[in-house]
Amino acid sequence: MINLTGGIMSNNISRRAFLGGSGLLALALAACGGGDGGSSDAADSGEIVTVTEGTLTVASDLAYPPLESVPEGKGPEEAEGFEVDVVTELGNRLGLEVVYLPPVKFDTIVPMIKQGGKADIGASSFTITDERKQEIDFTDPFMDSNQGVVAAASVGALSVEDLNVAGFKIAVQSGTTGEDWVRENCPDAECVPLDDAIQAMTGCQSGLYNAVVADLPVMRYLCNSSYTDLAVAMEIPTGEQYGIVVSKDNPALTEALNQALADMEADGTMDDLEVKWFGTTL
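Each chain has its residues counted from 1, running along the sequence as written. Residue-level local features of this predicted model are given only where pLDDT is at least 70; pairs of side-chain atoms are given and counted only at 80 or more, and the full residue set underlies all totals for whole chains, interfaces and linings. Here the side-chain values reflect all heavy atoms present in the structure, with hydrogen atoms and water set aside.

Glancing now at helix α10 (residues 216–225). Burial status follows relative accessibility: with a 1.4 Å probe on protein chains alone, a residue under 20% of its type maximum counts as buried, one over 50% as exposed, and anything between as partly exposed. Runs of E in the DSSP output that reach at least two residues are strands. Runs of H or I that reach at least four are helices, and both are numbered from the N terminus. Burial within α10 is extensive, with seven of its ten residues counted as buried. Every buried residue of α10 is accounted for by Leu216, Pro217, Val218, Met219, Tyr221, Leu222 and Cys223. Contact between two residues is taken to exist if any of their heavy atoms lie within 4.5 Å; hydrogens are not considered. The elements touched by buried residues of α10 are β2 (63–64), β7 (143–152), α9 (197–205), β10 (211–215), β11 (230–246) and α12 (269–278).

Right under this line is the structure:
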């Protein structure tokens, strides 16, 4: 069972982290001169240039608990989750205010970051893939993940052979590695791409779809918290890793984020966040 009661002061940075991050702050402050020369000039100079001065603007679908979500009736400024806390801590260490855009469709985020002008990073449980790296840069990985198959709890365990049957409807989130896995491994089944994992789980619960394939940590969480009549019927060891999406035109930002992620691992902040959201270190 995932423990959501634990707490962490994300602003509570140790002396070691502060001293180690002083170079990051200096880089971040370069953003205050931002933008006059354009993104290519920023890349040449090594400066971090952000869309809005002093701000780290984030694009996310905000529908993937416990990584990122928005409580019912709230706005993106009240987003919560493991990756939200990671990004907030990164912003703190770079001296930048973190601002989330209103939720956007997952498969539009990479094109948005590549085009530039609207968001500085994409943070939406992105698996690092060679295909995506052709379009954008990733930070170093901050979390490992596999895929999971969810079905009605009464169904029990499933195999690939059980899924790969004509007329078997498998819901996925459009543009994800879960969709890629289904199309590659279950060509006889009907793959149904949807906007987000919540829509897929709701449809499975109502009987509209036979199964859902998505990231295992999220599937476990949703089955334990909100969809208790569904269960993980199969774990798929894909060996994926999550990274934060950054424009190729802003390598200084990627470098600063990587250093901050390394500092968070070294000083125990990442472990604290994992325990807060998953009940244990990962």
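From this point on, the discussion continues.
On to the packing of aromatic side chains. A pair of aromatic rings is counted whenever rings of Phe, Tyr or Trp (Trp by its six-membered ring) have centres within 6.5 Å, and the orientation is called stacked for planes under 30 degrees apart, edge-to-face for over 60 and tilted otherwise. Under the defined criterion, the tally for this structure stands at four aromatic pairs. Look at phenylalanine 82 and phenylalanine 278: their rings are 5.3 Å apart centre to centre, the planes differ by 65 degrees, and that puts the pair in the edge-to-face class. In this pair, phenylalanine 82 sits in helix α4 (residues 82–94) while phenylalanine 278 sits in helix α12, placing the two residues 196 residues apart along the sequence. Like phenylalanine 82, the residue phenylalanine 278 is buried in the burial classification.

We now examine the nonpolar core. Core analysis: the biggest nonpolar cluster contains 51 residues, and Phe82, Ile121, Met201 and Met219 have the highest contact counts within it. Sorting elements by how many residues they give to this core places helix α11 (residues 251–266) first, with seven residues. Non-local contacts of methionine 219, meaning those with residues more than four positions away in its chain, are made with Gly148, Val150, Ala197, Met201, Val212, Ala214 and Val232. Here, nonpolar core means buried Ala, Val, Leu, Ile, Met, Phe, Trp, Tyr and Cys residues that are tied together by side-chain atoms lying within 4.5 Å of each other.

Another point: the side chain of threonine 177. Structurally, the position occupied by threonine 177 is in helix α8 (residues 177–185). N or O atoms within 3.5 Å of each other form a polar contact, as long as, within protein, one can give a hydrogen and the other can take it, and as long as residues adjacent in sequence are counted only when both atoms are side-chain atoms. Only 2.8 Å separates the side chain of threonine 177 from the side chain of glutamate 240, close enough to count as a polar contact.

What follows concerns α4. An expected span of 1.5 Å times one less than the residue number is assigned to each helix. Taking 1.5 Å per residue, 13 residues should reach 18 Å; α4 reaches 19 Å between its end C-alpha atoms and fits that length. α4 sits mainly inside the fold: eleven of its 13 residues count as buried. For α4, the set of buried residues is Phe82, Glu83, Val84, Asp85, Val86, Val87, Glu89, Leu90, Gly91, Arg93 and Leu94. Taken from the residues just after α4, glycine 95 is the one with a positive phi, measuring 70 degrees.

Here we take up unusual backbone geometry. One can expect most non-glycine residues to show negative phi and most peptide bonds to be in trans. Cis geometry marks the peptide bond from proline 65 to proline 66, where omega comes out at 10 degrees. Turning to its location among the elements, proline 66 is positioned in the loop between β2 and β3 (68–69). If you check the backbone angles, leucine 62 has positive phi at about 50 degrees while not being a glycine. Locating leucine 62 in the fold gives a position in the loop between β1 (55–59) and β2. Positive phi, normally seen in glycine, also occurs at serine 125, with a value near 55 degrees. The topology assignment puts serine 125 in strand β5 (residues 121–127). The class of serine 125 is buried, set by a relative accessible area of 4%.

On to the state of the cysteines. In this description, a disulfide is simply a cysteine sulfur pair whose atoms lie within 2.5 Å. If you walk through the whole model with that rule in mind, you get zero disulfides. Free of any disulfide, cysteine 186 has its nearest cysteine sulfur in cysteine 191, 8.7 Å distant. Here cysteine 186 falls in the buried class, since its relative accessible area comes to 2%. Left without a disulfide partner, cysteine 204 is nearest to the cysteine sulfur of cysteine 223, which lies 8.4 Å away. In this structure cysteine 204 comes out as buried when scored by relative accessible area, which is 6%.

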